[in-house]
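Chain and residue survey
Each chain is listed here by its residues.
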Amino acid sequence: VQLQASGGGLVQAGGSQRLSCAASGASFSSYSMSWFRQAPGKGREFVAAIKRYSSNPSYADSVKGRFTMSRDNAKNTVYLQMNSLKPEDTAVYYCAADRQVISSSLSSPSSYDYWGKGTLVTVSS
């Protein structure tokens with residue numbers, strides 16, 4: 001599967017942004033999908049995930065209540081709606097996919113074989 005993330009840009013603190021990740025190939029619903037982010041000089045951080053054949057997302061504590069992840073299997077796309085953005089949300093956001101991820105490993109980058117190129121979100125104070 002190939003992934004293409006889009007929707008990044010410059011936004012003021014307190015604002016909103018919606019990211020999209022379009023996947024190519026068949027059987028999109030059979031992939032667990034996730035969002036990670038990487039700030040300058042830091043490691044890749046889990047943001048949110050939805051297991052395959054599910055519509056229920058899980059979130060990192062740092063974004064819970066502000067971000068909403070969803071998936072549209074008919075469009076082979078996942079979304080990340082980001083509200084109440086903070087300067088510390090500034091990062092390159094990546095979407096990732098894999099068929100073999102187990103629930104306890106959803107937040108681990110090493111669980112995913114497929115990655116998009118990332119889209120930069122900059123939140124100004």
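Scroll up to find the structure this text is about.
These lines cover the structure that appears in this document, whether it is placed above or below. (Residues numbered from 1 in each chain as written. Predicted model: local features only at pLDDT ≥ 70, side-chain atom pairs only at ≥ 80, totals over all residues. Heavy atoms only, no water.)

Of regular secondary structure, the protein chain possesses 0 helices and 11 strands. Of the regular secondary structure in the protein chain, the N- to C-terminal order runs β-β-β-β-β-β-β-β-β-β-β. Computed over its C-alpha atoms, the radius of gyration of the protein chain comes to 13 Å, within 12% of the 14 Å expected for a compact globule of 125 residues. For the protein chain, the C-alpha atoms occupy an extent of roughly 40 × 25 × 25 Å along the three principal directions. Restricting to contacts in the protein chain with at least 6 residues of sequence separation, those with at least 24 account for 57%. If you sum the accessible surface of the protein chain, you get close to 6,200 Å²; carbon and sulfur atoms cover 45% of it. Taking the average place of the 13 positive charges on the side chains of the protein chain and the average place of its 7 negative ones, the gap between the two points comes to 4 Å. (Helix = DSSP H or I, 4+ residues; strand = E, 2+ residues; numbered from the N terminus. Rg over C-alpha atoms; globule rule 2.2 N^0.38 Å. Contact = heavy atoms within 4.5 Å. Areas by Shrake-Rupley, 256 points an atom, 1.4 Å probe, with all protein chains shown as cover. Lys, Arg positive; Asp, Glu negative; His and termini not counted. Charge placed at Lys NZ, Arg CZ, Asp CG, Glu CD.)

So, on to the pairing of strand β5 (residues 44-50). Burial analysis of β5 places 5 of its 7 residues in the buried class, which makes it a mostly covered element. Hairpin connection from strand β4 (residues 32-38) to β5: 5 residues lie between these consecutive antiparallel strands, with Gly-41 at a positive phi of about 80 degrees. Here β5 folds back onto strand β6 (residues 57-59) in antiparallel fashion, the turn holding 6 residues, of which Tyr-53 has a positive phi close to 60 degrees. (Buried < 20%, exposed > 50% of the residue type's maximum accessible area, 1.4 Å probe, protein only. Pairing = 2+ DSSP bridges.)

All right, on to the pattern of salt bridges then. Applying the stated rule across the entire model yields 4 salt bridges. For Glu-45, the salt bridge identified is with Arg-37, shortest N-O distance 2.8 Å. Accessibility expressed as a relative area gives 5% for Arg-37, which makes it buried. Among the salt bridges present, the one from Asp-61 reaches Lys-64, with a minimum N-O distance of 3.2 Å. For Asp-61, a relative accessible area of 67% puts it in the exposed group. Sharing partners across several salt bridges, the network here consists of Arg-37, Glu-45, Arg-66 and Asp-89. (Salt bridge = Lys/Arg side-chain N within 4 Å of Asp/Glu carboxyl O.)

This paragraph deals with the state of the cysteines. Tallied over the entire structure, the rule returns 1 disulfide. Residue Cys-21 pairs covalently with Cys-95 via a disulfide, S to S 2.0 Å. Here the disulfide of Cys-21 and Cys-95 is right-handed, its torsion about the S-S bond being about 65 degrees. In this pair, Cys-21 is assigned in strand β3 (residues 17-23) and Cys-95 in strand β9 (residues 91-98), connecting sequence segments 74 residues apart. (Disulfide = S-S within 2.5 Å.)

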